[in-house]
Amino acid sequence: MKISSSMIKALNDQIAMEAFASNYYLAMGSWCEITGYEGAANFFYQHVDEERLHMMKIVHYLNGVGIPAVIPLVKAPPKTFKSLESVCKTALKNEQAITAAINKMAELAQKQKDHSTFGFIQWFINEQIEEEKIFETILQKFDLIGRDKLAINEIDKSLASMITTNAN
Ligand code: FEO
């Protein structure tokens, strides 16, 4: 199968982006854990695994077509966060950046008539719709329920209830 060098670069960049997203969620989960937001911590820890899975999908795709995936050095995420709301805002912003990168890859695949990669990317396009929706829904809760201690406790509990077992 012929995959262009620009597409290989985009796919490898995406591996790095997903690895960074996984690391970022690890920092968020860890901050939530030490801050006492148990539900949020478990919710973000689940996302660590999901992003790792996304990364692995691309690693397998490249390796599967005989192009060795480039395993990246992962940048360090922030050590601390301002509030649970700011964590969620950052998560949405990061997901939007990932969506933009995925969409760019889809455009490149279309332009290059790379049907295989275009097909492969479809899963990511659908996944990004879900991911953005999750964080938009959480952020709405701050406006609906509030930002005092009781409200944050409620939001923490609802984050726990959003943990799914179908990370695929
Ligand atoms: Fe792999 Fe959350 O995007």
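Residues numbered from 1 in each chain as written. Predicted model: local features only at pLDDT ≥ 70, side-chain atom pairs only at ≥ 80, totals over all residues. Heavy atoms only, no water.

**Side note on the nonpolar core**
Then, in step 1: Formed by 24 residues in total, the largest nonpolar core has its most connected members in Met28, Phe44, Leu84, Phe135, Ile138 and Phe142.
Then, in step 2: The element that contributes the greatest number of residues to this core is helix α1 (residues 5-35), accounting for 6 residues.
Then, in step 3: The contact partners of Ile138, leaving out residues within four places of it in the chain, are Phe43, Cys88, Ile155, Leu159 and Met162.
Then, in step 4: Counting 23 residues, the second-largest nonpolar core is a separate cluster that includes Met55, Ile67, Ala69 and Ala109. (Core = buried A, V, L, I, M, F, W, Y, C linked by side-chain atoms within 4.5 Å. Buried < 20%, exposed > 50% of the residue type's maximum accessible area, 1.4 Å probe, protein only. Helix = DSSP H or I, 4+ residues; strand = E, 2+ residues; numbered from the N terminus. Contact = heavy atoms within 4.5 Å.)

**Quick notes on the packing of helix α2 (residues 38-64) against helix α3 (residues 84-111)**
Then, in step 1: It is the contact of α2 with α3, at a shortest axis distance of 12 Å, that shows an interaxial angle of 20°. By the criterion of interaxial angle, the relationship of α2 to α3 is roughly parallel. The hand of the α2/α3 crossing is left-handed. Residues Ala40, Phe44 and Glu51 of α2 form the contact with α3, whose participating residues are Leu84, Val87, Cys88, Ala91 and Glu95.
Then, in step 2: Here the residues of the contact of α2 with α3 are counted per class, giving 6 nonpolar, no polar and 2 charged. (Axes fitted to C-alpha atoms, helices over the stretch in contact; angles between N-to-C directions. Parallel < 35°, antiparallel > 145°, perpendicular 65-115°, else oblique. Left-handed = near helix turned anticlockwise from the far one by under 90°. Nonpolar A, V, L, I, M, F, W, Y, C, P; charged D, E, K, R; others polar.)

**A look at the state of the cysteines**
Then, in step 1: By the definition in use, this model includes 0 disulfides.
Then, in step 2: A disulfide-free cysteine, Cys32 has its sulfur positioned 7.3 Å from the sulfur of Cys88, the nearest such atom.
Then, in step 3: Since its relative accessible area comes to 0%, Cys32 is described here as buried.
Then, in step 4: By relative accessible area, Cys88 is classed as buried at 0%. (Disulfide = S-S within 2.5 Å.)

**Topic: the packing of aromatic side chains**
The description of two aromatic rings rests on the distance between their centres and on the angle between their planes.
Then, in step 1: Under the criterion given, the structure shown has 12 aromatic pairs.
Then, in step 2: With a centroid separation of 6.0 Å and an interplanar angle of 70°, the aromatic rings of Trp31 and Phe81 are classed as edge-to-face. Linking Trp31 in helix α1 with Phe81 in the loop between α2 and α3, this pair joins segments that are 50 residues apart in sequence.
Then, in step 3: Look at Phe81 and you get buried, because its relative accessible area is 11%.
Then, in step 4: Judged by centre distance (5.1 Å) and plane angle (85°), the rings of Trp123 and Phe124 are edge-to-face.
Then, in step 5: An aromatic cluster of at least three residues, connected via ring pairs, comprises Phe20, Tyr24, Trp31, Tyr37 and Phe81.
Then, in step 6: Sitting over the ring of Trp123, Lys57 keeps its end group 4.2 Å from the ring centre.
Then, in step 7: A cation sits over an aromatic face here: Lys75 above Phe20, 4.6 Å from the ring centre. (Phe/Tyr/Trp six-rings, centres within 6.5 Å; stacked < 30°, edge-to-face > 60°. Lys NZ or Arg CZ within 6 Å of the ring centre and 35° of its normal.)

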